[in-house]
Structures are given as C-alpha cells and as structure tokens.
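Structure at a glance
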Amino acid sequence: MKQNEKAMINRDFIRVTAEEVRQAAEYQAAILADVAGRRGTLHGRVKPLAAGMKVAGPAITVEVRPGDNLAIHAALAIAQPGDVLVVDGKGDLTCALLGEIMATQAEASGIAGIIIDGAVRDADTLARQDYPVFSAGLNPCGPTKLIAGRVNHPISLAGAQVNAGDLVVGDVDGVVVIPREEAQAVIALAQKKLAVETQRLAAIRRGDLRPAWLDTALRQAGMLADGEVL
C-alpha cells in the first residue's frame, strides 16, 4: 500500500460500544436529538428510502468527490459487522453513488446500514427490502470510480460533524449523530426524557391538555403580562 493510501484510509479509531448501540437503538432519533442539545442532526434531505427503515451503529465515515464512489468501495472492504456507512456526498444529486449491488454487498458484509448525503438508485428494489438506506435523493445515472476520497476521517455531513466511531441513529424522522464519548450520557438522558414524555401522553389522554410550563414560558417571552393567564 502506498504512503498516501495509508493516510487516506484510516483503520485506527475507537468505535462506540455494541452495548451503547443496543441501548441507543431503543430510542427514536428525535428523543436522542433533543437530549443531545438539539445538535448533531442531519439536514432533512437525508431520508430513509422506506418509512420503516431504522439503523444504529458506529460510523464509518467516507468523503467522496461528487459523482465518484471509489472511496465507498474502500469503506465497504474494511468496515466491520455492525458499522454504519456514513457518506459525505456533498449533497450532489447529479449521479447516484450506489444502488442495489453495493447495498447487497453491504448487507452481506454485516454492515448495519447506509447513510449518504447524495443520490442513490434502484430505489424501487431497495425500498421494498428491510436493509436501511438513507439518501438525499435519487438519480439513475451511475458514478465514476476514479477519484481519491477519504475513509474514516472527520467529515461534515448535511450540517453535522461526524467522526469515525461516533454513534449514528436513523429512523423515519431522519438521522442524529452523537459523539462517541458522549454516547453513554446521552442514552441516560434519553431514558429520562422518554419517561417524562410517556407520563405527559398519559396525562393528555386523561384530559390534562395544557402543559404546566406554558404560562411561565409565555410570560418570559413577553406574550403574557405578569399575573395574566390564558
């Protein structure tokens, strides 16, 4: 392997643990995003090909030039079972970066799913399968395999920073990225938030329709005068 190839394909990084992935997968992306400080979510253009698709796992990060998928093939070759392929395709929709063949290879390799800020193709087939593929759009045009990219380096993906090994969770609402070192704390907060939301939903069903914090928040925002209530 050439020296520049060693620099561009990084194999030496720490992944979020399998137990943290298992725990995080129990929560909606929305719950995790809220307790993570409402940061780390990808732009809403990155969506699952089918509403029921869900994914959770450590990120294998890939940066490509628009329209070229050579680095994705490299990532597929070195990813470990349970990893999630996270591809910075620059939001380009002029060519698909992968389709049924590469998704089938990823699934057969044990890769947990694919998240790509770019286009894919063969969407009819992929959307009818269970394997989770998230993309920014579709295009029937195929990619080239000519231009060097980077694997497992920090990327900026659809408005979020992603490092190799970070926790990635996606569902019908979209995708949230949680820094690896914050995963356990975020999961603990998610458990508490879910309990609070479950209680609130039960209260609404009992007829308690107004949240207790509303009047105070309205006064602080200047929408209600002191002593005024709705």
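For the structure itself, consult the block above.
Residues numbered from 1 in each chain as written. Predicted model: local features only at pLDDT ≥ 70, side-chain atom pairs only at ≥ 80, totals over all residues. Heavy atoms only, no water.

This part takes up a nonpolar patch on the surface. Together, Leu201, Ile204 and Leu209 give the surface a local cluster of nonpolar side chains, amounting to about 280 Å² of exposed area. Considering the arrangement of structural elements, one finds Ile204 in helix α7 (residues 183-205). (Patch = residues over 30% accessible without salt bridge, like charges linked within 9 Å, V, L, I, M, F, W, Y side chains within 5 Å. Areas by Shrake-Rupley, 256 points an atom, 1.4 Å probe, with all protein chains shown as cover. Salt bridge = Lys/Arg side-chain N within 4 Å of Asp/Glu carboxyl O. Helix = DSSP H or I, 4+ residues; strand = E, 2+ residues; numbered from the N terminus.)

Turning next to the pattern of salt bridges. Tallying each qualifying case throughout the model produces 12 salt bridges. One salt bridge connects Glu19 with Arg22, and the closest N-O pair in it is separated by 2.6 Å. In this pair, Glu19 and Arg22 both sit in helix α2 (residues 18-24), three residues apart, roughly one turn of the helix. In this structure Arg22 comes out as partly exposed when scored by relative accessible area, which is 45%. When the shortest N-O distance is used, the salt bridge between Lys90 and Asp88 registers 3.0 Å. For Lys90, a relative accessible area of 40% corresponds to the partly exposed category. With relative accessibility at 5%, the residue Asp88 sits in the buried group. Taken together, the shared-partner salt bridges connect Asp34, Arg38, Lys193 and Glu197 into one network. (Buried < 20%, exposed > 50% of the residue type's maximum accessible area, 1.4 Å probe, protein only.)

Our focus in this paragraph is the environment of Val87. Along the polypeptide, Val87 turns up in strand β3 (residues 84-96). Judged by relative accessible area, which is 0%, Val87 ranks as buried. Measuring from C-alpha to C-alpha, the distance between Val87 and Thr216 comes to 43 Å, with 129 residues separating the pair along the chain. Beyond its immediate sequence surroundings of up to four residues, Val87 is in contact with Val62, Val64, Ile72, Ile115, Ile116, Asp117 and Leu157. (Contact = heavy atoms within 4.5 Å.)

One finds Val62, Ile72, Leu85, Ile114 and Ile116 to be the most contacted residues of the largest nonpolar core, which totals 28 residues. Contributing elements (two or more residues each) for this core: β2 (55-63), α4 (70-78), β3, α5 (100-108) and β4 (113-120). The biggest single contributor to this core is α4, with five residues. Leu85 has contacts with Ile60, Val62, Ile72, Ala75, Leu76, Ile111, Gly113, Ile114 and Ile115, leaving out every residue within four places of it along the chain. (Core = buried A, V, L, I, M, F, W, Y, C linked by side-chain atoms within 4.5 Å.)

This part covers the packing of α4 against α5. Closest axis-to-axis distance for the α4/α5 pair is 10 Å, and the angle between their directions is 20°. Taken as axis vectors, α4 and α5 run roughly parallel relative to one another. In the crossing of α4 with α5, the sense of the turn from one axis to the other is left-handed. Listed contacts from α5 to Ile72, His73 and Leu76 of α4 are Met102, Gln105 and Ala106. Across the contact of α4 with α5, the residue classes tally to four nonpolar, two polar and no charged. (Axes fitted to C-alpha atoms, helices over the stretch in contact; angles between N-to-C directions. Parallel < 35°, antiparallel > 145°, perpendicular 65-115°, else oblique. Left-handed = near helix turned anticlockwise from the far one by under 90°. Nonpolar A, V, L, I, M, F, W, Y, C, P; charged D, E, K, R; others polar.)

Next up on the list: the side chain of Thr61. Residue placement: Thr61 occurs in strand β2. With a relative accessible area of 1%, Thr61 lands in the buried category. In this view, Thr61 contacts Val86, Arg150, Val151, Asn152, His153, Ile155, Val162, Asn163 and Ala164; residues no more than four positions away in its chain are not counted.

Here β2 lies mainly inside the structure; eight of its nine residues are buried. Here four bridges tie β2 to strand β9 (residues 167-171), and the two strands are oriented antiparallel to one another. If you follow Pro58 over to β9, its bridge partner there is Leu167. The pairing of β2 with β3 spans five bridges and is parallel. Pairing of Val62 across the sheet is with Val87, part of β3. Pairing of β2 with strand β6 (residues 150-151), which is carried by two bridges, proceeds in the antiparallel orientation. Directly across from Val62, in β6, lies its bridge partner Val151. (Pairing = 2+ DSSP bridges.)

Here we take up the environment of Val196. For Val196, the position within the fold is in helix α7. On the basis of relative accessible area, Val196 is assigned to the exposed category, the value being 52%.

Under the 1.5 Å per step criterion, the end-to-end length of α7 is 33 Å for 23 residues, consistent within 8% with the ideal 33 Å. Here the buried face of α7 lies against α2, α3 (29-35), β9 and β10 (174-178). Looking one or two places after α7, you find Gly207, whose phi comes out positive at around 110°. (Expected span 1.5 Å × (residues − 1).)

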